[in-house]
Amino acid sequence: HARVPWKCSQNPTLSYWVDNQRRSHKKFKSGKSSGMTEVRAELLNKIGFEWDKRKSLNRVSSPGNETQEQEHESFDAASRNQEKNQERWDKHYSELVNYVERFGHARVPWKFPENPALSYWVDNQRRSHKKFESGKPSGMTEARVELMSKLGFEWDKKNSWEKSYEDLVSFVKENGHARVPAKFPLNEGLANWVTIQRGSYKRYLREDLCSITEDRINLLEEIGFEWDLSTHTTKPWEKSYDELVTFVNEFSHTQVPRRFPQNQGLSSWVSDQRSQYKQFLKGDSSTTITEERVELLNKINFKWDCSSQPWEEKYYELATFVKEFGHARVTQEFSEYESLVKWVDKQRQSYKRFHNGDPSSMTEERIELLNKIDFEWVIKKGRPTFSF
């Protein structure tokens, strides 16, 4: 028979498991989310599994001198306790879902000030999962593992991002692109992870709190990761190229900044061209770039190496400032532009070194771009401003 007694001394884990199957089946029948499926129910039915706990209990003889009534009471008490535990688990899981929607990841910091209990709970899930994986009794179940994994929950706090990145690199080597399908049976966790990266990148562009960093963005772009998949399928290459030409006519360069609200799709597209070009140089036949496209991009002085991208991003920010205020004098009075204040000051220092023949990051091209927006190389307090 399949009537595993409660707290079976030979296999306590199996006792927890069969009881969890009954609870999952009850939810499944009422249309609620659970780990039970038609296939699993059918497999259990084939071995005579009894879904009603009381019917199952009536067929199990009571050990020792314990009466069947006492067994019922013990079983019911344990069942009520498990239901309360499940309610608490569901409550914390719902809180974790809200956290992921807000921050774009499931890495709740230790002693999270807004909800310290959630911090303790996620840490406990990792410990329970470790026991579950080693076959020891714990509160973790397959259904819970599946639910947590769907949120991109990282069971190992150490180097989890790097592990997923390595999985993505392997995917790119095998498939020639980084577009992991939403339902990827070989690695469902990777499909969730790339979705989280795109969501985190959107928050990065809005300058909201997020887990992605400049270094991680660069690593992903090096393997051709596309931040906006809609541009891959819905917009012809030529249309994006025309948009880039328009950008060049306005800003005199091709380095579209990552934060470009007027056309965020164009920012993703130019990043993809650089990634495709790297594959093209390696002789990868899966790349979408061709000799004709390379030639068209070269005609508008497209930069294939974007290692200096941060400079162009700040230049774009300054150009936007000029459009709004009518001048390029970003001073301490503009407190909301603190980082830009430091950047323009650094440009003046770099220009001074360049002008004196000392080593400097300033170039003729950068000087020309700054001059186009009437950048003032010298500003003296209380005196009219002038340029070299």
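Residues numbered from 1 in each chain as written. Predicted model: local features only at pLDDT ≥ 70, side-chain atom pairs only at ≥ 80, totals over all residues. Heavy atoms only, no water.

> So what exactly am I meant to see when it comes to the overall build of the protein chain here?
When helices and strands are tallied, the protein chain shows 16 helices and 0 strands. Looking at the protein chain as a whole, 43% of its 388 residues qualify as buried. Contacts in the protein chain between residues far apart in sequence, at least 24 positions, make up 52% of those at least 6 positions apart. For the protein chain, the exposed area adds up to about 23,100 Å²; of that, 50% sits on carbon and sulfur atoms. (Helix = DSSP H or I, 4+ residues; strand = E, 2+ residues; numbered from the N terminus. Buried < 20%, exposed > 50% of the residue type's maximum accessible area, 1.4 Å probe, protein only. Contact = heavy atoms within 4.5 Å. Areas by Shrake-Rupley, 256 points an atom, 1.4 Å probe, with all protein chains shown as cover.)

> Can you help me understand the packing of aromatic side chains in this one?
Note on aromatic pairs: each is described by the distance of the centres and the angle between the planes. For the structure on display, the rule yields 20 aromatic pairs. With a centroid separation of 5.2 Å and 10 degrees between ring planes, the pair formed by tryptophan 89 and tyrosine 93 is classed as stacked. Placement of both tryptophan 89 and tyrosine 93 in helix α4 (residues 68-103) is noted, with a separation of 4 residues, approximately one turn of the helix. Aromatic pair tyrosine 201 and tyrosine 204: ring centres 6.2 Å apart, planes at 20 degrees, arrangement stacked. With tyrosine 201 and tyrosine 204 both in helix α8 (residues 188-205), this residue pair falls 3 residues apart, about one helical turn. An aromatic cluster is present here, built from Tyr201, Tyr204, Phe225 and Trp227 joined pairwise through their rings. (Phe/Tyr/Trp six-rings, centres within 6.5 Å; stacked < 30°, edge-to-face > 60°.)

> Whenever I open this one, helix α15 (residues 338-355) confuses me. Can you help?
Helical geometry note: an α-helix holds 3.6 residues per turn, so side chains three or four residues apart project in the same direction. Helix length check: α15 (18 residues) gives 26 Å between terminal C-alpha atoms against 26 Å at 1.5 Å per residue, within 8%. All of the buried residues in α15 are Leu340, Val341, Trp343, Val344, Gln347, Arg348, Ser350 and Tyr351. Phi turns positive one or two residues past the end of α15, at glycine 357, with a value near 85 degrees. (Expected span 1.5 Å × (residues − 1).)

> I'm lost on the confidence of the model for the protein chain in this one. Help?
Low-confidence regions, as indicated by low pLDDT, have predicted coordinates that should not be scrutinised in detail. Mean pLDDT over the protein chain works out to 80, with 84% of the residues at or above the 70 mark. Looking at the elements of the protein chain, mean pLDDT is at its lowest for helix α10 (residues 230-234), recorded as 55, and at its highest for helix α13 (residues 291-299), recorded as 91. Here residues 382-388 scores under 50 on pLDDT; set against residues more than four positions off or in separate chains, the count is 12 contacts. (pLDDT = per-residue confidence, 0-100.)

> Can you walk me through the pattern of salt bridges in this structure?
Tallying each qualifying case throughout the model produces 12 salt bridges. Among the ionic pairs, glutamate 95 bridges to lysine 91, the shortest N-O distance being 2.9 Å. Pair noted here: glutamate 95 and lysine 91 are both in helix α4, with a separation of 4 residues, about one helical turn. Between lysine 314 and glutamate 317 there is a salt bridge, and its shortest N-O distance comes to 3.1 Å. Of this pair, lysine 314 and glutamate 317 both sit in helix α14 (residues 309-325), 3 residues apart, which is roughly one turn of the helix. The exposure class assigned to glutamate 317 is partly exposed, which follows from its relative accessible area of 26%. (Salt bridge = Lys/Arg side-chain N within 4 Å of Asp/Glu carboxyl O.)

> What's the story with the nonpolar core in this structure? I'm lost.
Where a protein is soluble and globular, its nonpolar side chains tend to be buried together. Judged by nonpolar contacts, the single largest core of 22 residues is most densely connected at Leu168, Val180, Trp193 and Leu220. Element by element, the count of residues in this core is highest for α8, at 7 residues. Residues contacting leucine 168, with those up to four places away along its chain left out, are Ala178, Val180, Leu190, Trp193, Val194, Leu220, Ile223 and Phe225. Trp311, Val330, Phe334 and Leu369 belong to the second-largest nonpolar core, a separate cluster that totals 21 residues. (Core = buried A, V, L, I, M, F, W, Y, C linked by side-chain atoms within 4.5 Å.)

> Even after reading the chapter, I still don't get the packing of helix α12 (residues 264-281) against α13, so can you show me in this structure?
How two helices pack is summed up by the angle between their axes together with the distance between the axes. The geometry of α12 relative to α13 is characterised by a closest axis approach of 12 Å and an angle of 130 degrees between their N-to-C directions. By the criterion of interaxial angle, the relationship of α12 to α13 is oblique. Judged by the sense of rotation from one axis to the other, the crossing of α12 with α13 is left-handed. Residues Trp269, Gln273, Tyr277 and Phe280 of α12 form the contact with α13, whose participating residues are Glu291, Val294 and Leu297. For the contact of α12 with α13, the residue count by class is 5 nonpolar, 1 polar and 1 charged. (Axes fitted to C-alpha atoms, helices over the stretch in contact; angles between N-to-C directions. Parallel < 35°, antiparallel > 145°, perpendicular 65-115°, else oblique. Left-handed = near helix turned anticlockwise from the far one by under 90°. Nonpolar A, V, L, I, M, F, W, Y, C, P; charged D, E, K, R; others polar.)

> Which parts of the structure should I look at to understand unusual backbone geometry?
Among all residues save glycine, negative phi is the norm, and among peptide bonds the norm is trans. Positive phi outside glycine occurs at serine 252, with the angle close to 65 degrees. Along the polypeptide, serine 252 turns up in the loop between α11 (237-251) and α12.

> Help me understand the environment of lysine 131, please; the structure alone is not making it clear to me.
The topology assignment puts lysine 131 in helix α5 (residues 116-133). A relative accessible area of 44% means that lysine 131 is categorised as partly exposed. Lysine 131 has contacts with Lys136, Pro137 and Ser138, leaving out every residue within four places of it along the chain.

> Before we go on, may I ask you to explain the side chain of glutamine 86 in this structure?
Examined against the element boundaries, glutamine 86 turns out to sit in helix α4. The exposure class assigned to glutamine 86 is buried, which follows from its relative accessible area of 13%. Side chain to side chain, glutamine 86 and arginine 144 meet in a polar contact 2.7 Å long. (Polar contact = N/O pair within 3.5 Å; in protein donor to acceptor, adjacent residues only side chain to side chain.)

> Explain the packing of α11 against α12 here, please?
Put simply, α11 and α12 touch, their axes get as near as 10 Å, and they point 105 degrees apart. Between α11 and α12, the crossing angle belongs to the class labelled roughly perpendicular. Touching Trp237, Ser240, Tyr241, Glu243, Leu244 and Phe247 of α11 are Leu266, Trp269, Val270 and Gln273, all from α12. Looking at the contact of α11 with α12, its residues break down into 7 nonpolar, 2 polar and 1 charged.

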